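Commentary on secondary and tertiary structure
Chain by chain, the residues:
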Amino acid sequence: MFHGPGDLRSEDLPVPEPAQGELVMHIDAALTCGTDVKTLRRGHPVMIPKVPTVFGHEFAGTVASVGPGVSGFREGDRVVAANSAPCAHCYSCRAGRPNLCEDLLFVNGAYGEFILLPPRLVARNVVPLAASLPAERAAFAEPLACALLATERVKIEAGQTVVVFGHGPLGCLLGMLAASRNARVVMVGKSGWRFDRLKNLGFARWLDATSTDNVAQAIRDVTNGRGAEVTVDATGRPEVWQQAVDAVGRGGSVLFFGGCATGTTISLDTRKTHYEELALFGAFHHTPETIRRAVETLTSGALVPDSLISHRMPLEEVGQALALMAKGEALKVSIRS
Ligand SMILES: [Zn+2]
Ligand SMILES: [Zn+2]
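Taken together, E11, D12, E113, E316 and E317 make up a surface patch of like negative charges. Along the chain, E11 turns up in the segment before β1 (23-31). Judged by its relative accessible area of 35%, E11 falls in the partly exposed class.

Now the structure itself:
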């Protein structure tokens, strides 16, 4: 239970009973996420509107019980649920942009034995799993769906250079997606154990941002002076957003994936932006469609995320797991109840 910034407690709660349209899931695997670390430090106005609340948002499991009126799911079905569901009625939903829904319903509670899923989530964002897909891999559906939504904003073609700034789990997922489309992926990060792990993920190149004072130039050096076709920020730091713009080539696309602190800005070279026809894209969250596509991608094995799990820990140790994340000593921790 999350009781507010810095206050995470282990508590015994009754197993939830599903009401009309609801479903109770047994959680077979949950994953830690940088968002949970940030929320634990300072709260989260959107994902956690009130406390105390159950906590954690990346999970997969088995249907434990279904409420009246639920069709399509039965006790014992293996499923993955997204951490939100759009309303389907607002302007953004009707415009086909449900990730921008003005009334996104968020669900938390991945760090527990059971979770109660509300009717809107059951109706729109619970996906059945093939027997061959382990729960731990299925739990990547949510972050992978965010990465899919982002990479679909831009055209990634075989042979293009895609530069990803940031080597956290999402930076890696974005890089792996680009690599699966036969792009030449350059990962930019800071030296250390997480950086060393990248070398096993099959990316074309890694660039240590700490060893150069001009990252954009270093990227031009490896692209015959042209700059990359696509650059992606997965750090959420304005100075890196700036580098992503500087490192993109003529006619290129920049994806702003990492959310920066409120009130921050970057500056744009108007000449370059206009005469070189830069395309700048924000990318936020996921849609029911990208959640389903993420499950397909994981099921087919087109992307195998296992190497992003650095630790496996029991539910009782979720506090320690998040502390490891906060210290930069874990990539993703798989939590089992
Ligand atoms: Zn997450
Ligand atoms: Zn909506």
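The coordination sphere of the zinc ion (ligand 1) contains the protein donors C33 (SG), H57 (NE2) and E58 (OE), at a distance range of 2.1 to 2.4 Å. Each donor residue of the zinc ion (ligand 1) lies on the same chain, and together they follow the pattern C-x23-H-E. Taken as a pair, H57 and E58 share a single burial class, namely buried.

Our next topic: the coordination of the zinc ion (ligand 2). Around a metal, the ideal angle is 109.5 degrees if four donors adopt a tetrahedral arrangement and 90 or 180 degrees if six donors adopt an octahedral arrangement. With distances of 2.3 to 2.4 Å, the protein atoms coordinating the zinc ion (ligand 2) are C87 (SG), C90 (SG), C93 (SG) and C101 (SG). Coordination at the zinc ion (ligand 2) is tetrahedral: its four donor atoms span angles of 104 to 119° at the metal. All donor residues of the zinc ion (ligand 2) come from one chain, and their arrangement in sequence is C-x2-C-x2-C-x7-C. Just as C87 is buried, C93 falls in that class too.

Turning our attention to the side chain of T287. Turning to its location among the elements, T287 is positioned in the loop between β13 (279-282) and α11 (288-300). With near-sequence residues (within four places) excluded, T287 lies in contact with P98, N99 and L149.

Our focus in this paragraph is the packing of aromatic side chains. Counted by the stated rule, this structure contains three aromatic pairs. Each ring, one from F2 and one from F55, has its centre 5.1 Å from the other, and the planes form 15°; the classification is stacked. One end of the pair, F2, is in the segment before β1; the other, F55, is in the loop between α1 (34-42) and β2 (58-66), with 53 residues separating them in the sequence. Here F2 and F55 have matching classes, each one buried. Both rings, one in F55 and one in Y111, keep their centres 6.0 Å apart while their planes meet at 65°; by these two values the pair is edge-to-face. With a gap of 56 residues between them, F55 in the loop between α1 and β2 and Y111 in the loop between β5 (105-106) and β6 (114-117) connect regions that are remote in the sequence.

Procedures and definitions
- Within every chain, residues take consecutive numbers counted from 1 along the sequence as written.
- Chains and ligands are labelled by the order in which they are written, letters from A for the one and numbers from 1 for the other.
- Predicted model: local features are reported for residues with pLDDT of at least 70 only, side-chain atom pairs are reported and counted for 80 or more only, and whole-chain, interface and lining totals are derived from all residues.
- Hydrogen atoms and water are omitted, and side-chain values are computed over all heavy atoms in the structure.
- Any residue with relative accessible area above 30% and no salt bridge may belong to a patch, with like charges joined within 9 Å and the nonpolar Val, Leu, Ile, Met, Phe, Trp and Tyr side chains within 5 Å.
- Only the protein chains shown count as cover for residues, and all accessible areas are computed by the Shrake-Rupley method using a 1.4 Å probe.
- The salt bridge criterion pairs a side-chain nitrogen of Lys or Arg with a carboxyl oxygen of Asp or Glu, the two atoms within 4 Å.
- For the purpose of counting charges, residues Lys and Arg are taken to be positive, whereas Asp and Glu are taken to be negative. His and the chain ends are not included.
- Taken as the charge location is NZ of Lys, CZ of Arg, CG of Asp or CD of Glu.
- Helix and strand definitions follow DSSP, with helices as H or I runs of at least four residues and strands as E runs of at least two, each counted in order from the N terminus.
- Working definition: with a 1.4 Å probe on protein chains only, accessible area under 20% of the residue-type maximum means buried, over 50% means exposed, and in between means partly exposed.
- In this analysis a donor is any N, O or S atom within 2.8 Å of a metal ion (3.2 Å for sodium, potassium and calcium), and since water is not included, sites may seem incomplete.
- Each label reflects the angles at the metal, where four donors whose angles all fall between 85 and 135 degrees are tetrahedral, four or six donors whose opposite pairs open beyond 155 degrees and whose other angles stay between 65 and 115 are square planar or octahedral respectively, and the rest are irregular.
- Note on contacts: a residue pair qualifies if any of its non-hydrogen atoms lie within 4.5 Å across the two residues.
- Between 30 and 60 degrees the pair is tilted, below 30 it is stacked and above 60 it is edge-to-face, where a pair is any two Phe, Tyr or Trp rings, Trp via its six-membered ring, whose centres lie within 6.5 Å.

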